[in-house]
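Chain residues, written in single-letter form:
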Amino acid sequence: MRLFLSGLRKLVRRPATFVIFGLLIGLLVLIVLAVGATANSGMGAGGGPNGRAAAKELVTFPGAYDRMLQFILGLGGLFAMIYGAAIAGSEWSWGTLKSAVARGESRVRYMLFSFASIGLMIAVGLVIAFGIAVVAAVIGANLANVSTSGLGDTATLGHLPERLLKGWFAVLEEAALGFTIATLARSQLAGIGAGIAFYFGETFASIFLPDIVKYMPFSVANASVATGSGQGFGGGGGATIATLPADQALLMVAVWLVGSLFVAALYSDRAEISG
Amino acid sequence: MSGMDGLALATRGLRKSYGSRRALDGLDLSVPAGVVYGFLGPNGAGKTTTMRVLTGLIHADGGTVELLGRPFKRGDRHRLFEVGALVEAPTFYPYLSARANLRELAASGAPVPSKRIEEVLDLAGLCDRANDKVQGYSMGMKQRLGIAAALLSDPKLLLLDEPANGLDPAGIVAMRDTLKALASQGKTVFVSSHLLAEIQVMADVVGIIAAGKLVREGPLKELLSMQGVVKVRVRPNLVDAAIETLAPLAPAERLTETDRDEGWLAVRLATDRAEEVNQKLAGAGIYASGLESGTDLEMLFLELTGGQGPSGGEGAFVGLGGLNGGAPAGKGTAA
């Protein structure tokens with residue numbers, strides 16, 4: 001528990017936490033407001049009638065709940081991967097893992113509790129980001145002169161906790177992947193770089209190897225939270241060509257999450273720490 | 001605290017290789033409890049590798065380690081709860097303050113009462129800057145914080161790798177006093193350093209390693225008394241007579257003529273035998289115009305490590321009367 005709370009305190013004060021969260025929120029708010037503001041003009045979403053309709057649909061409730069969440073999970077997945085890599089990599093780059101190990105701390109416990117604190121930060125970030133996204137969508141709807149009467153749709157609201165939980169699980173898996181890559185690379189920068197390359201590599205590979213890529217971490221993360229509406233936006237790995245059914249995808253997310261953490265823990269336990 | 005044999009730290013046959021390079025080649029260390037132990041060796045001798053093995057950062061290929069009288073093997077990480085360590089450069093979260101860094105470090109390993117953080121900050125002289133972010137610290141301040149971190153658990157055994165790095169003279173003196181005080185309280189301080197002068201004034205026991213092996217270990221006074229030098233100045237035309245007179249005191253290889261023109265001779269003897277040298281010369285009607293005695297850790301170090309100088313090392317010749325004149329003993333022509 002000491003390690004978990006310590007991990008949280010470190011993350012709360014860490015500039016990377018605010019930079020990454022700020023980037024996500026900044027992009028989300030900017031896009032949603034821009035879409036709302038231009039939905040009735042010729043500039044909106046391609047300019048044609050279909051584009052304008054799509055732009056209005058984006059900020060129309062209750063569907064906007066899902067679309068905001070898709071955006072957060074899509075771009076947030078990449079950011080979570082970067083965040084996980086930054087936290088794990090810095091433990092090696094800054095030598096702080098070394099200090100803890102020299103005090104007799106278990107390497108496995110240290111790494112797993114570090115990740116657990118990342119998990120909680122992501123959960124809090126996800127909820128806050130979603131709240132801000134909804135507010136941005138309401139403003140966007142007003143700018144687009146779209147009714148917000150669907151805001152209180154009880155059926156949609158009833159499903160939100162489950163959707164957020166699944167989304168958190170998916171993002172957590174992506175963070176775990178970054179965490180593990182940076183652990184293996186023993187470096188913040190190398191971990192982030194390799195993680196981003198993996199993310200875009202998977203997207204690119206999905207064009208040529210869809211049947212394989214659909215089992216890959218970013219694809220399964222996306223598929224596990226897909227609503228089937230096809231109205232999401234915000235990118236998010238190679239889930240666009242072939243995807244697993246949501247329940248299978250969720251299972252694969254769990255496999256990737258546990259597998260990644262197992263590799264990170266095993267490597268940390270066996271590694272020779274120097275420098 | 002320590003084992004049956006009174007050792008706080010012991011290694012037996014410690015081996016470690018990096019690829020084909022052997023970093024430790026059967027290292028046997030015996031560190032008594034309650035002393036400051038100076039761990040010396042030239043660059044690449046295996047000092048840092050030893051420190052890493054002792055702190056569980058790397059694992060030895062063979063041999064055994066005992067910490068505070070109990071075996072320390074893979075999985076015995078709890079042994080380190082009673083050990084404080086500063087290995088290589090001190091490491092911290094740059095975006096946190098010194099106080100916050102210590103608090104987060106205290107969350108790992110042995111539990112630490114929160115008041116201990118204030119105690120070690122005070123001990124390290126960092127109270128005034130304790131809330132400043134570490135990224136703004138100078139190297140010396142980081143080093144102070146590193147020493148504070150090593151002391152966090154009030155350890156029985158302290159392992160410090162080059163603790164004087166980056167410290168200003170006042171900081172070095174304060175650190176030395178602190179370490180000596182800890183040893184006087186029964187704690188064991190194991191200091192790896194290349195600063196021979198620092199070790200000479202601080203350590204009770206030294207171990208010198210070269211090429212991964214221990215080449216000499218023992219109480220510093222004992223080692224230095226074996227390495228003592230008495231220097232005597234006589235009239236230049238009496239140098240040969242003086243050598244003949246002093247021959248019974250020391251074998252020829254321990255009797256060195258350091259500067260014939262100035263009449264300086266060096267006799268490698270225990271420093272407390274200076275009076276005997278003077279008496280012997282006077283008895284033969286040779287009156288010394290100068291007499292100095294001292295010890296030289298650097299000379300011992302160079303002799304044992306095959307002439308590999310400590311990196312950036314400074315030899316110290318701590319003369320009882322202050323040695324200034326004449327060439328360093330042992331560097332002249334053998335008589």
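Calculation criteria
Residues numbered from 1 in each chain as written. Chains lettered and ligands numbered in written order. Predicted model: local features only at pLDDT ≥ 70, side-chain atom pairs only at ≥ 80, totals over all residues. Heavy atoms only, no water. Helix = DSSP H or I, 4+ residues; strand = E, 2+ residues; numbered from the N terminus. Rg over C-alpha atoms; globule rule 2.2 N^0.38 Å. Buried < 20%, exposed > 50% of the residue type's maximum accessible area, 1.4 Å probe, protein only. Contact = heavy atoms within 4.5 Å. Areas by Shrake-Rupley, 256 points an atom, 1.4 Å probe, with all protein chains shown as cover. Lys, Arg positive; Asp, Glu negative; His and termini not counted. Charge placed at Lys NZ, Arg CZ, Asp CG, Glu CD. Buried area = accessible area lost by both parts, 1.4 Å probe. Salt bridge = Lys/Arg side-chain N within 4 Å of Asp/Glu carboxyl O. Polar contact = N/O pair within 3.5 Å; in protein donor to acceptor, adjacent residues only side chain to side chain. 1 Å grid on protein atoms, 1.4 Å probe; cavity = no way out; pocket = protein on both sides within 12 Å on 5 of 7 lines; lining within 4 Å. Points joined across faces, edges and corners; volume = space filled by probe spheres on them. Nonpolar A, V, L, I, M, F, W, Y, C, P; charged D, E, K, R; others polar. Axes fitted to C-alpha atoms, helices over the stretch in contact; angles between N-to-C directions. Parallel < 35°, antiparallel > 145°, perpendicular 65-115°, else oblique. Left-handed = near helix turned anticlockwise from the far one by under 90°. Arc of directions from axis to C-beta. Pairing = 2+ DSSP bridges.

Asks: Before we go on, may I ask you to explain the overall build of chain A in this structure?
Replies: Assigned secondary structure in chain A consists of eleven helices and zero strands. Of the regular secondary structure in chain A, the N- to C-terminal order runs α-α-α-α-α-α-α-α-α-α-α. The C-alpha atoms of chain A give 20 Å as radius of gyration, which agrees with the globular expectation for 275 residues (19 Å, within 12%). C-alpha extents for chain A along the principal axes are approximately 65 × 40 × 35 Å. Out of the 275 residues in chain A, the part that is buried amounts to 52%. When contacts within chain A are restricted to residue pairs at least 6 apart in sequence, long-range pairs at least 24 apart make up 81% of them. A total of about 11200 Å² of accessible surface is found on chain A, and carbon and sulfur atoms cover 72% of it. If the 17 positive side-chain charges of chain A are averaged to one point and the 13 negative ones to another, these points end up 11 Å apart.

Asks: Help me out: how do you make sense of the interface of chain B and chain A in this one?
Replies: A common way to report how large an interface is uses the accessible area buried once the components associate. Taken together, the contact pairs 36 residues of chain B with 31 residues of chain A. For the chain B and chain A pair, buried surface summed over both sides reaches about 2800 Å², with 49% attributable to carbon and sulfur atoms. When the buried area of chain B at its contact with chain A is split by residue, B:Leu57, B:Tyr93 and B:Tyr95 rank highest and sum to 24% of it. On inspection of chain B and its partner chain A, the count reaches two salt bridges. Salt-bridge contacts for A:Glu272 lead to B:Lys16; the nearest nitrogen and oxygen are separated by 2.8 Å. The interface formed by chain B and chain A holds 22 residue pairs in polar contact (both at pLDDT 80 or more) in total.

Asks: When you look at the layout of surface pockets in this model, what are you seeing that I'm missing?
Replies: If a probe as big as a water molecule is rolled over the atoms, it shows which places are left empty. Estimates place the volume of the largest pocket at around 620 Å³. Of all the elements in the fold, those that place two or more residues in the lining of the largest pocket are helix H6 (107–143) and helix H11 (246–270) of chain A together with strand S1 (7–18) and strand S4 (62–67) of chain B. A per-element tally of the lining of the largest pocket places S4(B) first, with five residues. Here the residues of the lining of the largest pocket sort into eleven nonpolar, nine polar and eleven charged.

Asks: I would appreciate a short explanation of helix H1 (residues 47–54) of chain B in the present structure.
Replies: Residues and elements named next belong to chain B. When you tally the buried positions in H1, you get seven out of eight residues, the bulk of the element. Those residues of H1 that sit buried are Lys47, Thr49, Thr50, Met51, Arg52, Val53 and Leu54. Phi turns positive one or two residues past the end of H1, at Gly56, with a value near 75°.

Asks: Explain the packing of helix H10 (residues 217–225) of chain A against H11(A) to me, please; I cannot follow it from the model alone.
Replies: For any two helices packed against each other, one specifies the crossing angle of their axes together with the interaxial distance. All names here are of chain A. Where H10 contacts H11, the two axes come as close as 8 Å, and the packing angle between them is 135°. When the axes of H10 and H11 are compared, the pair comes out oblique. Classified by chirality, the crossing of H11 by H10 is left-handed. Residue-level inspection shows Pro217, Val220, Ala221, Ala223 and Ser224 of H10 in contact with H11, the latter providing Ala246, Ala249, Leu250, Met252, Val253 and Trp256. Of the residues contributing to the contact of H10 with H11, the split by class is ten nonpolar, one polar and no charged.

Asks: Explain helix H3 (residues 114–123) of chain B to me, please; I cannot follow it from the model alone.
Replies: Think of an α-helix as turning once every 3.6 residues; residues three or four places apart then point the same way. Residue and element names in this part refer to chain B. For H3, every residue scored as buried is listed here: Arg116, Ile117, Val120 and Leu121. Taken down its axis, H3 places every buried residue within 140° of arc, on the same side. Seen from the open side of H3, the exposed residues pointing more than 90 degrees away from its buried face are Lys115 and Asp122. Here the buried face of H3 lies against helix H2 (98–106) and helix H4 (139–150). Gly125 sits one or two residues past H3 and shows a positive phi near 70°.

Asks: For this particular structure, what's the right way to read the sheet that holds S4(B)?
Replies: Backbone hydrogen bonds are what pair the strands of a sheet, in a parallel or an antiparallel way. Residues and elements named next belong to chain B. Pairing within the open sheet is antiparallel, and its four strands lie in the order S2-S1-S4-S5. Edge strands, defined here as strands with exactly one partner in the open sheet, are strand S2 (21–32) and strand S5 (70–71). The sheet contact formed by S4 and S5 spans two bridges and is antiparallel. Bridge pairing links Glu66 to Pro71 in S5.

Just distances and angles here, no functional claims.
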